[in-house]
Protein chains: 4
Amino acid sequence: MDISIGRGKTARRAYGIDEIALAPGARTLDPTLADTSWTIGGIDREIPIIASAMDGVVDVRMAVLLSELGALGVLNLEGIQTRYDDPNPILDRIAGVSKTEFVTLMQELYAKPVQPELIERRIAEIKSQGGIAAVSLTPAGAVKYGSTVAASGADLVFVQATVVSTAHLSPESVSPLDLAGFCQEMPMPVALGNCVTYDVTLQLIKAGAAAVLVGIGPGAACTSRGVLGVGVPQATAVADCAAARDDFFNETGKYVPVIADGGLITGGDICKSIACGADGVMIGSPIARAAEAPGRGYHWGMATPSPVLPRGTRINVGTTGTIEQILRGPAGLDDGTHNFLGAVQTSMGTLGAKNLKEMQQVEVTIAPSLLTEGKVYQKAQQLGMGK
Amino acid sequence: MDISIGRGKTARRAYGIDEIALAPGARTLDPTLADTSWTIGGIDREIPIIASAMDGVVDVRMAVLLSELGALGVLNLEGIQTRYDDPNPILDRIAGVSKTEFVTLMQELYAKPVQPELIERRIAEIKSQGGIAAVSLTPAGAVKYGSTVAASGADLVFVQATVVSTAHLSPESVSPLDLAGFCQEMPMPVALGNCVTYDVTLQLIKAGAAAVLVGIGPGAACTSRGVLGVGVPQATAVADCAAARDDFFNETGKYVPVIADGGLITGGDICKSIACGADGVMIGSPIARAAEAPGRGYHWGMATPSPVLPRGTRINVGTTGTIEQILRGPAGLDDGTHNFLGAVQTSMGTLGAKNLKEMQQVEVTIAPSLLTEGKVYQKAQQLGMGK
Amino acid sequence: MDISIGRGKTARRAYGIDEIALAPGARTLDPTLADTSWTIGGIDREIPIIASAMDGVVDVRMAVLLSELGALGVLNLEGIQTRYDDPNPILDRIAGVSKTEFVTLMQELYAKPVQPELIERRIAEIKSQGGIAAVSLTPAGAVKYGSTVAASGADLVFVQATVVSTAHLSPESVSPLDLAGFCQEMPMPVALGNCVTYDVTLQLIKAGAAAVLVGIGPGAACTSRGVLGVGVPQATAVADCAAARDDFFNETGKYVPVIADGGLITGGDICKSIACGADGVMIGSPIARAAEAPGRGYHWGMATPSPVLPRGTRINVGTTGTIEQILRGPAGLDDGTHNFLGAVQTSMGTLGAKNLKEMQQVEVTIAPSLLTEGKVYQKAQQLGMGK
Amino acid sequence: MDISIGRGKTARRAYGIDEIALAPGARTLDPTLADTSWTIGGIDREIPIIASAMDGVVDVRMAVLLSELGALGVLNLEGIQTRYDDPNPILDRIAGVSKTEFVTLMQELYAKPVQPELIERRIAEIKSQGGIAAVSLTPAGAVKYGSTVAASGADLVFVQATVVSTAHLSPESVSPLDLAGFCQEMPMPVALGNCVTYDVTLQLIKAGAAAVLVGIGPGAACTSRGVLGVGVPQATAVADCAAARDDFFNETGKYVPVIADGGLITGGDICKSIACGADGVMIGSPIARAAEAPGRGYHWGMATPSPVLPRGTRINVGTTGTIEQILRGPAGLDDGTHNFLGAVQTSMGTLGAKNLKEMQQVEVTIAPSLLTEGKVYQKAQQLGMGK
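All values derive from a computational prediction rather than experimental measurement.

Participant: Summarise the sheet that holds strand β14 (residues 258-261) of chain A; cite the residues concerned and give the values.
Facilitator: All names here are of chain A. Read around the closed barrel, eight strands run β7-β8-β9-β10-β12-β13-β14-β15, paired in parallel fashion. Geometrically, the sheet is characterised by an average inter-axis angle of 25° between neighbouring strands, direction not taken into account. Strand direction decides the pairing type here: β14 and strand β15 (residues 280-283), joined by three bridges, are parallel. Across the sheet, residue alanine 260 finds its bridge partner in β15, namely valine 281. Running at roughly 165° to strand β12 (residues 190-195), helix α8 (residues 198-206) makes contact with β12 and β13 (211-214) of the sheet.

Structural data, given as structure tokens:
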């Protein structure tokens, strides 16, 4: 499996979601028989989709809507929603700024400190409207705001960074987050991520994670690979981490779901992630295209506001329909970005998978990359076709 | 052959038509000596090309013309032609609608029920003009309209879905099609598809198929891989299914042709499909470019009208010549989309293949991918780039 | 070496010129010490480059200029030059026609028969100006005009078709060219091609070829792979055919040069072809860009005028400098299309090769394809960069 | 490891920087704990980045600034700075010339001879402002100006050509540079390059090199692969050459740093080069984008002025910020071209590497290629697409 890339340097070939396709087998299924339900942190959901904790994707209203529609949305507790009493004029400014002034504006807006009382208020707002209060903190935020969240009545906490590990070295002046201690102390389940390896997944599960987020580098609003050189193609990362979940389950009988996070755009991407072993997916930009999304047709990454090393860009994803259309249809678009539930059910029917556990076992082929839009625009321009 | 894409997940590398090229050997042949004839369901044809059962491709007139020219056209019995007494104003509306209103219009137009008397009438119209009446039903349509077609005098029936299997699970309220029973009861030969594996091909042949259609995912007006993640690169699919045909023939002496269906645009694509083992090909968009095609320069997929999960898009393929030019030349274009018969004969001459059985044995190489102009035009039109 | 692309179908991976790069070793060389001379049909040349027998590339004047500059140009004896007493107005019309009317015009212009007296006259014109008269016939043309050429005083004859073989099947009404007989009967050396395999190269050499042309499919004005599905990536084809040359030489002591023909654009392409084993290269479009080229900035393939199956397109290659600049510099462009001799010498110096035999032995690496212009245009458009 | 590309021709698969990505392991690190310091020729530097000896990148002022910021800049001693008393109007002309007249202008401007007294003056100017005087000569220049530089008080000399070897064949009229003798005679350390193999690296180290430059072909302003066919993908070249460094160190205890030179645009590229084994990197175009760079937003290669075989093009790289922003931040851009130090530290933190030696050991994966915005802008500008 190890390939020599030079004397004394070997590397493993890792595969991305775009490089695989799912192959039908001997059985097919009526899509209505496909059961897409799953459980995360004791919470049963019909749709294996979680909206990312990003400021252009989830606010209180979206969290409630996503709950009602059978999915889940995670509120970022260190973003616009908890720094500003009224986030709306702030979101208007982000949507209105020019491309060249975007980074500077973000650095300015995110310099305002998080207000603990807004953490409490946002969680209460979600709960009072009957939504599931899933919220997100960075490891540093977990140290600072952990006790606030513990007392807030939130249903599920995500502690997420680009990369987490149970063996983090910090300067002496900083007291790093003890992941295992945090999981034990919080009164609600804690999902941890992101990671990309079998070993770290196992460590996070043993630290008490209620779910593990998998994915470093592949997201549409994420530029880790360009800026840092860091990234693991997602098909391989999901398969590796799912293997840790399965081994832990076989040993202990405890099942901790693995969630593919990053770079998933279409229904096909979601189906392929599950086929690689994921229990659910976390998606950002596809949800940012909902009419109800707080981003007003824009989407940006969580590392964007970093004053020192901003990463991620603001992408104009546009608005293509309601969140209900995007999740449950009926589809008004035929490009795979509407009716994700229908897509997963139809794919499961095509592949003969009765539930997500069977979907994790379908045959995967390595296939030539699709003729992407980009390649076509290129060549079309060469051929003199205008747009 | 199995490649690890992660712990406990292996995948097979499958090859697409664009990834292969045909390699000349020691013998060449004058193209006039190349015999391209074949037989499907007892019907002898000079050209191994079948026009797809799509509403923009085949109507009564095209079915007759294709028969006269030595090929075959399949009429979709669940489309515009059998829902509307006069399909012309409907086809005008489809050609005239804006891109954004297309899906909604299609859902509205295809909501009108199929009329069994129109099934009978269209078949009679083809027969009365001397054409071969090859017609198409979905599995659900076969249950509903099978007896109508049985009595209609059609020469050949195609039962086609994105994926068929002999082991389909349905809800109790639905009585699924028994493929073997249907093949036995129909008074004319029945072609079945689509499938992509050795096992399913063998099952369909044993169920009584007169021909098996091979291809899931690769078509220009098909977006299965994007929406569902499902697809098998066509070179591999055709080779696998052709092996089932050969094994069955060696055991029983009965030869059931395998037809490559989907994603074929140029003469080169057709030649390569046969070299992978196909007996014939089914093509849609290249035929939709004929002046006589019902689509008025547009082409759309069979899953487009789905009210829940529309797939496929309307492509402005344009009109480039007569159906005679496209099938038999003389070519007015030099991009491989005119004179398919001449292309197959010239390719066979270059490769020294005297007939299609020899063409199935020519040497195949895996070659760096070629982004042909034709594929780009197709895709660019899908993306809304005008010319 | 054989890869399974499906049950019972194996294929070989073949490599294109764009997929390889040359790797420096332990020795370097001053470029002035690099000896690029070679011999074809007893004729010594300083530059291992032959201009293709295409109507936009070589006329009488170009043949003379190429001879003077140390290279070679081949005159097409079945093109404009031998059909028309005065080719100039014809070439003006080809350069002036619109893209859509090009194929029709070509079919009309090439319908005029070849005039044997013009064959004689053109050869005499080249000889009278001190040029080397290298000329080209198709196999069918060799049957018809062989005796005219035999008597004409030409120095070298190329018999070229897309694919030649010593085992060509013809209809009874046609008397095919006997390659071995032709080589024996002609009073001057005969180069044969094109082919792509070890076996056919060996057969052509044994038939008496003075040189073998290698290449099917890769040319810029050639669309064999798209139209016919036929093509062999050039690095593999050249290496295979060069092995036949070497084996024949080792057995008999007779050295028959192998010429890479098709798809070569830059000095780098030429260097890589030699490194794969070629003794020389045949190039068309790079020479068509000379101010003195008959194509007036346009270039088109030899199969373009086919009335039945036209292939190849007219490409507007533009005019970038004199033929002297293109072959010997000084370069006015820095993109690898000027000063081919300097490029080969500099490459040989970099790689430590003192002569072409050593250049055939330098180390080749398989390298990721260059970031091509096309890919960049694509992405640049996506990023909003105008042109 | 050897792959057959044809009969009797094998090749090695070499990997480029774009084909790899870095994979996090079990440990992470606070970026403030990442130590990026290194030593070259006895000079300690905080940042492992050297600005290329190119006329658009380094002049006296930039050399001083780069020294102050913890990096290093190399002054080209055979360029504009040493041919012209006042380089400013010359640099203005280069920035102002049209694309078509660029090569001719360069050939004219570089025809003026180098003035030894300007070599002395420029070095004195750097030293008098407290900068580190790192300077560059070609092998031919080293013969001519070696004694001038020896007496100049420079701190470090780079002798660089596209390819160097210790076994260079020259015509008798030319006395080639004796690399070992030169290293011994010069009073300051001498860095040698470029090379791409284990053997040549070892020879250069044994010849007395204080550092070895690695990279042939991959640079943004370098067209070696297109013009000459020569190039080795950088991940493989760096790994091979680093292995020679390690073997020599294990034998002798002497550590000679290896510097990756060419084609590096983003922070991610720098991180990946180190992970392949480099001790530092040399970059040109990313530094040419600094407001203080002498190129006025333009960048061109060292082989551009060659009167016979010009290579490299003038690229409009634009001006994106100060050199401090580019090296140390804070970043005003989020595309990986600002704050290289921060990027390296963050990457090291993500990967758990405490220092550069640990960074050389992180896990590398082969990943599907990423076409980054930065690379596209570069190439697009080469192609003349404005922004």
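From this point, the discussion proceeds with the structure in view.
Participant: Would you mind going over the environment of Arg83(B) in detail, with residue names and values included?
Facilitator: Residues and elements named next belong to chain B. With respect to the helices, strands and loops of the structure, arginine 83 is situated in helix α2 (residues 80-83). Residues arginine 83 and glutamine 115, 32 residues apart in the sequence, show an inter-C-alpha distance of 5.7 Å. Setting aside residues up to four positions removed in sequence, arginine 83 forms contacts with Glu78, Leu109, Tyr110, Lys112, Pro113, Val114, Gln115 and Leu118. Polar contacts involving the side chain of arginine 83 include one to the main-chain carbonyl oxygen of lysine 112, which spans 2.7 Å.

Participant: Tell me about the sheet that holds strand β15 (residues 280-283) of chain D, and name the residues and values.
Facilitator: All names here are of chain D. One closed barrel holds the eight strands; their spatial order is β7-β8-β9-β10-β12-β13-β14-β15, and the pairing between them is parallel. Strand after strand, the sheet turns through a mean of 25° between neighbouring axes, direction not considered. Direction of pairing for strand β13 (residues 211-214) relative to strand β14 (residues 258-261): parallel, over a ladder of three bridges. Considered in β14, the bridge of valine 214 is made with alanine 260. Together, β9 (134-137) and β10 (156-160) form the strand contacts of helix α6 (residues 139-150), whose direction differs from that of β9 by roughly 135°.

Participant: Break down the pairing of strand β14 (residues 258-261) of chain C for me, citing the residues and quoting the values.
Facilitator: Along β14(C), one buried face is formed by Val258(C) and Ala260(C) and the opposite face, lined by Ile259(C) and Asp261(C), is buried too. Between β14(C) and its parallel partner strand β15 (residues 280-283) of chain C, the chain crosses via helix α11 (residues 267-275) of chain C, and the hand of that crossover is right-handed.

Participant: Report on the packing of aromatic side chains, specifying residues and quantitative values.
Facilitator: According to the stated counting rule, one finds four aromatic pairs over all chains in the structure shown. Look at Phe249(A) and Tyr255(A): their rings are 5.6 Å apart centre to centre, the planes differ by 80°, and that puts the pair in the edge-to-face class. The aromatic ring of Tyr198(B) is capped on one face by Arg7(C), whose charged end is 3.7 Å from the ring centroid. Note that Arg13(C) overlies the ring of Tyr15(C), its terminal NZ or CZ placed 4.4 Å from the centroid.

Participant: Which residues make up helix α10 (residues 234-252) of chain A, and what are the values?
Facilitator: The end-to-end C-alpha separation of α10(A) is 27 Å, in line with the 27 Å expected for 19 residues at 1.5 Å each. In the segment just after α10(A), Gly253(A) is the residue with positive phi, at about 80°.

Participant: Help me get a handle on the pairing of strand β1 (residues 2-6) of chain D, residues and values and all.
Facilitator: Each regular strand carries side chains that alternate between the two faces of the sheet. Residues and elements named next belong to chain D. One ladder, built from four bridges, connects β1 with strand β2 (residues 9-13); its direction is antiparallel. Directly across from isoleucine 3, in β2, lies its bridge partner alanine 11. Counted between consecutive antiparallel strands, the loop separating β1 from β2 contains two residues, among which glycine 8 sits at a positive phi close to 75°.

Participant: Lay out the side chain of Ser136(D) in plain terms, naming residues and giving numbers.
Facilitator: Residues and elements named next belong to chain D. Within the fold, serine 136 resides in strand β9. Classification of serine 136 by relative accessible area gives buried; the value is 3%. Among all residues touching serine 136, those that are not within four sequence positions of it are Ala53, Val74, Leu75, Asn76, Leu77, Glu78, Phe158 and Gln160.

Thresholds applied
- Residues numbered from 1 in each chain as written.
- Chains lettered and ligands numbered in written order.
- Predicted model: local features only at pLDDT ≥ 70, side-chain atom pairs only at ≥ 80, totals over all residues.
- Heavy atoms only, no water.
- Pairing = 2+ DSSP bridges.
- Helix = DSSP H or I, 4+ residues; strand = E, 2+ residues; numbered from the N terminus.
- Axes fitted to C-alpha atoms, helices over the stretch in contact; angles between N-to-C directions.
- Contact = heavy atoms within 4.5 Å.
- Polar contact = N/O pair within 3.5 Å; in protein donor to acceptor, adjacent residues only side chain to side chain.
- Buried < 20%, exposed > 50% of the residue type's maximum accessible area, 1.4 Å probe, protein only.
- Right-handed = clockwise from strand over helix to strand, strands pointing away.
- Phe/Tyr/Trp six-rings, centres within 6.5 Å; stacked < 30°, edge-to-face > 60°.
- Lys NZ or Arg CZ within 6 Å of the ring centre and 35° of its normal.
- Expected span 1.5 Å × (residues − 1).

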